[in-house]
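# Summary of the model geometry
What follows is the residue order along each chain.
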Amino acid sequence: MSADIRLPPAAAASAADASGAAAPLVDPFGRRITYLRVSVTDRCDLRCVYCMAEDMTFLPKAEVLTLEELDRLCGAFIRLGVEKIRLTGGEPLVRKNVISLVRALGARLGAGGLRELTVTTNGTQLARLADGLRAAGVRRINVSLDTLDPAKFTAITRWGRIEQTLDGIFAARAAGLAVKINAVALKGVNEDEFDRMIAWCGEHGFDLCLIETMPLGEISGDRTEQYLPLSLVRARLRQRWTLEETDYRTGGPARYYVVRETGRRIGFITPLTHNFCESCNRVRLTCTGTLYMCLGQEDAADLRRPLRDPGTDEAGLEAAIREAIARKPRGHDFVIDRRHRRPALARHMSVTGG
């Protein structure tokens, strides 16, 4: 694969001609779709207990879109009004030459194109890629870090070393990237660490976002034991910290507060204790070209077929996207099934990238 992605002339011309002219993507409930999460790979170099089984079977290469194909699909979404793209995985930065895709999408930043390009990562590859991400146009990243305890980190990730992730986080900060720490709240695992994490983030200038565990995919653990409602966590935090409400939003589902004592923000993503669907503006594209209109529903659209059909032009690709958005549901049906102890959906989080 070449060092950089180049759009074919017809696609480049279509993007230029249609800039700003296409009607925006609006779902059946009047919500404008402006945010696309793109899983560039289902592979990861960690095996977090709430996300993956330890012995995962990954997709064959033929089913995975090339970086050029991913860029072409993203270009169609941008022409239809998507303003923010987040690259996810699996772990996006383990994909070979992924920085080529980041540069191609970064070139679409600006008037009539993207407003923001971001990445969610486990941090293991940031020490070598942070400068490249910044040069390509990324300005902020989310890093998954569920604990500051080295032993707990290895237990949660199964294979990981916290030093590698911390080195990546500080390399990102040194490169000029704003860092937000994402932590999944796990009952009996890290619930005693949130005060420490708030203080640590405040010390180093990071925002923090706590996330309820989501019932996706068969794992070796029991999610009824993992689940920790963030309403309880927030009440506990208020015993020590002053959480001031704010209207700050990043385009995702988190609700943010300012921690007065540190001056940094803390967000809460609560798919179970508070359904966040009413204002959903996002869809999720997998590395196979499958578009999930809702994280918590099985319905999906196959965009790989029209993408790889030589008879599909840019207008045809956009029509396929519009048809999919017309099926976007009102919301998800997440629930922790305590009776049968099974996930709400069979697919793993790594398939759709969260």
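Above: the structure in question.
Every value quoted in this text rests on a predicted model; they were computed, and no experiment measured them. (Residues numbered from 1 in each chain as written. Predicted model: local features only at pLDDT ≥ 70, side-chain atom pairs only at ≥ 80, totals over all residues. Heavy atoms only, no water.)

## Topic: the overall build of the chain
Within the chain one finds 12 helices and 12 strands. Here the chain, with 354 residues, has 56% of them falling under the buried criterion. Put simply, 74% of the contacts in the chain that link residues at least 6 apart link residues at least 24 apart. Looking at the chain as shown, the accessible area adds up to about 15000 Å², and 49% of this sits on carbon and sulfur atoms. (Helix = DSSP H or I, 4+ residues; strand = E, 2+ residues; numbered from the N terminus. Buried < 20%, exposed > 50% of the residue type's maximum accessible area, 1.4 Å probe, protein only. Contact = heavy atoms within 4.5 Å. Areas by Shrake-Rupley, 256 points an atom, 1.4 Å probe, with all protein chains shown as cover.)

## What to know about the side chain of Thr-312
With respect to the helices, strands and loops of the structure, Thr-312 is situated in the loop between helix 10 (304-308) and helix 11 (314-325). Only 3.0 Å separates the side chain of Thr-312 from the backbone oxygen of Pro-306, close enough to count as a polar contact. Setting aside residues no more than four positions away along its own chain, Thr-312 makes contact with Arg-72, Pro-306 and Leu-317. (Polar contact = N/O pair within 3.5 Å; in protein donor to acceptor, adjacent residues only side chain to side chain.)

## Observations regarding helix 7 (residues 194-204)
Of the positions making up helix 7, those classed as buried are Phe-194, Met-197, Ile-198, Trp-200, Cys-201 and His-204. The buried residues of helix 7 occupy one face: seen down the axis, they fall within an arc of 165 degrees. Remark: Gly-205 follows helix 7 within two positions and exhibits a positive phi of approximately 85 degrees. (Arc of directions from axis to C-beta.)

## Here we look at the pairing of strand 2 (residues 84-88)
Each regular strand displays side chains that alternate between the two surfaces of the sheet. By the criterion of burial, strand 2 is predominantly enclosed, with 5 of the 5 residues buried. Taking every second residue as pointing to the same face, both faces of strand 2 are buried, with Lys-84, Arg-86 and Thr-88 on one and Ile-85 and Leu-87 on the other. Viewed along the sheet, the connection from strand 1 (residues 35-39) through helix 2 (residues 67-79) into strand 2 turns out right-handed. Sheet analysis places strand 2 next to strand 3 (residues 116-121), joined by 4 bridges and oriented parallel. Bridging from a neighbouring strand, Leu-87 pairs with Val-119 of strand 3. (Right-handed = clockwise from strand over helix to strand, strands pointing away. Pairing = 2+ DSSP bridges.)

## Let's talk about the pattern of salt bridges
Here the structure, examined in full by the defined rule, presents 18 salt bridges. Of the charged contacts, one joins Arg-236 and Glu-191 as a salt bridge, the two residues approaching to 2.8 Å between their closest N and O atoms. Note that Arg-236 is positioned in helix 9 (residues 230-237) and Glu-191 in the loop between strand 5 (178-185) and helix 7, a separation of 45 residues in sequence. In this structure Glu-191 comes out as partly exposed when scored by relative accessible area, which is 25%. (Salt bridge = Lys/Arg side-chain N within 4 Å of Asp/Glu carboxyl O.)

## Here we look at the environment of Thr-242
As for its placement among the helices and strands, Thr-242 is situated in the loop between helix 9 and strand 7 (243-245). As for Thr-242 and Val-258, which are separated by 16 residues in sequence, their C-alpha atoms are 8.0 Å apart. Once you skip the residues sitting within four places of it in the chain, Thr-242 turns out to touch Val-258, Val-259, Arg-260 and Glu-261. Within polar-contact distance, the side chain of Thr-242 engages the side chain of Glu-261 at 2.8 Å.

## Digging into helix 2
For helix 2, with 13 residues, the first-to-last C-alpha span of 18 Å sits near the 18 Å given by 1.5 Å per residue. What helix 2 keeps buried is the set Leu-67, Glu-69, Leu-70, Asp-71, Arg-72, Leu-73, Cys-74, Gly-75, Ala-76, Phe-77, Ile-78 and Arg-79. Looking one or two residues past helix 2, Gly-81 carries a phi angle of roughly 110 degrees, positive in sign. (Expected span 1.5 Å × (residues − 1).)

## Points about the nonpolar core
One broad trend across soluble globular proteins is that nonpolar side chains are buried collectively. Counting 76 residues, the largest nonpolar core has Ile-85, Ile-181 and Leu-291 as its most contacted members. Ranked by residue count, the leading element in this core is helix 2, at 7 residues. Apart from residues no more than four positions distant in its own chain, Ile-181 is found in contact with Val-143, Leu-145, Ile-169, Met-197, Trp-200, Cys-201, Phe-206, Asp-207, Leu-208 and Cys-209. If you look at the next biggest cluster of nonpolar residues, it comprises 17 residues, including Tyr-50, Ile-156, Leu-186 and Ile-211. (Core = buried A, V, L, I, M, F, W, Y, C linked by side-chain atoms within 4.5 Å.)

## Some remarks on the pairing of strand 9 (residues 265-269)
In terms of burial, strand 9 is largely enclosed, as 4 of its 5 residues are buried. Relative to strand 9, strand 8 (residues 255-259) runs antiparallel, the two being bridged by 4 bridges. Within strand 9, the residue paired with Val-258 across the bridge is Arg-265.

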